[in-house]
Amino acid sequence: MSKKRRVPLRTCVGCREKKSKRELIRIVRTPAGEVTVDLTGKQSGRGAYICPRVACLEKAIKGRRLEKNLRVPITLEVIDTLRKMLVSPEEKPES
Ligand SMILES: [Zn+2]
């Protein structure tokens, strides 16, 4: 019998699934009002979590959940940056 340590769960703003923090990417609104991807998980500011999948990003944008969560308007620039960061090499676009 091994006790599993409880991992803090976060909800993806795209698919709304609860996952451990490690599986998700943290998007943070810095105190300066900038929206950025927090790769360290330590950046201060208001955060939202999302799966590293473009599909989830699209859902989050469509549902405006990202801006609701972060309470700032998400600009196209930010979306573009996020999109580039979320595309992993092993994820090939389905046609
Ligand atoms: Zn998701």
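Residues numbered from 1 in each chain as written. Predicted model: local features only at pLDDT ≥ 70, side-chain atom pairs only at ≥ 80, totals over all residues. Heavy atoms only, no water.

A.B. asks: Tell me about the side chain of Lys19, and name the residues and values.
C.D. replies: Checked against the element boundaries, Lys19 lands in strand E2 (residues 18–20). Judged by relative accessible area, which is 17%, Lys19 ranks as buried. Other than its neighbours up to four places away in sequence, Lys19 contacts Pro8, Leu9, Arg10, Leu24, Cys51 and Arg53. (Helix = DSSP H or I, 4+ residues; strand = E, 2+ residues; numbered from the N terminus. Buried < 20%, exposed > 50% of the residue type's maximum accessible area, 1.4 Å probe, protein only. Contact = heavy atoms within 4.5 Å.)

A.B. asks: With reference to specific residues and values, describe the coordination of the zinc ion.
C.D. replies: In the first shell of the zinc ion, the protein supplies Cys12 (SG), Cys15 (SG), Cys51 (SG) and Cys56 (SG), at 2.3 Å from the metal. Metal-centred angles of 101 to 113 degrees between the 4 donor atoms at the zinc ion mark the site as tetrahedral. Written as a sequence motif, the donor arrangement for the zinc ion is C-x2-C-x35-C-x4-C. Taken together, the residues Cys12 in the loop between strand E1 (9–11) and E2 and Cys56 in helix H1 (residues 54–62) connect sequence positions 44 residues apart. You can call Cys56 buried: its relative accessible area is 1%. (Donors = N, O, S within 2.8 Å, 3.2 Å for Na, K, Ca; no water. Tetrahedral: all angles 85-135°; square planar, octahedral: opposite > 155°, others 65-115°.)

A.B. asks: For the pairing of strand E3 (residues 25–29), give the residues involved together with the corresponding values.
C.D. replies: With 4 of 5 residues buried, E3 is to be regarded as a mostly interior element. Where E3 and strand E5 (residues 46–50) come together, 5 bridges link them in antiparallel fashion. What sits directly across from Val28, in E5, is Gly47. Sheet topology places E3 next to strand E4 (residues 35–38); 4 bridges connect them, and they run antiparallel. Note that in E4 the partner of Arg26 across the bridge is Asp38. Hairpin remark: E3 followed by E4, antiparallel, with 5 residues in the connecting loop; positive phi at Gly33, about 90 degrees. (Pairing = 2+ DSSP bridges.)

A.B. asks: How would you sum up the packing of H1 against helix H3 (residues 76–86)? Please name residues and give values.
C.D. replies: At a minimum axis separation of 9 Å, H1 and H3 run at an interaxial angle of 155 degrees. Relative to H3, the element H1 is oriented roughly antiparallel. In the crossing of H1 with H3, the sense of the turn from one axis to the other is right-handed. The segment H1 lies against H3, with Val54, Leu57, Glu58 and Ile61 engaging Ile79, Leu82, Arg83 and Leu86. (Axes fitted to C-alpha atoms, helices over the stretch in contact; angles between N-to-C directions. Parallel < 35°, antiparallel > 145°, perpendicular 65-115°, else oblique. Left-handed = near helix turned anticlockwise from the far one by under 90°.)

A.B. asks: Any details on the environment of Thr81? Residues and values, ideally.
C.D. replies: Counting through the fold element by element, Thr81 comes out in helix H3. Judged by relative accessible area, Thr81 falls into the partly exposed class, the value being 43%. Between the C-alpha atom of Thr81 and that of Thr36, which follows or precedes it by 45 residues, the distance is 8.5 Å. A distance of 2.8 Å separates a polar side-chain atom of Thr81 from the backbone oxygen of Glu77. (Polar contact = N/O pair within 3.5 Å; in protein donor to acceptor, adjacent residues only side chain to side chain.)

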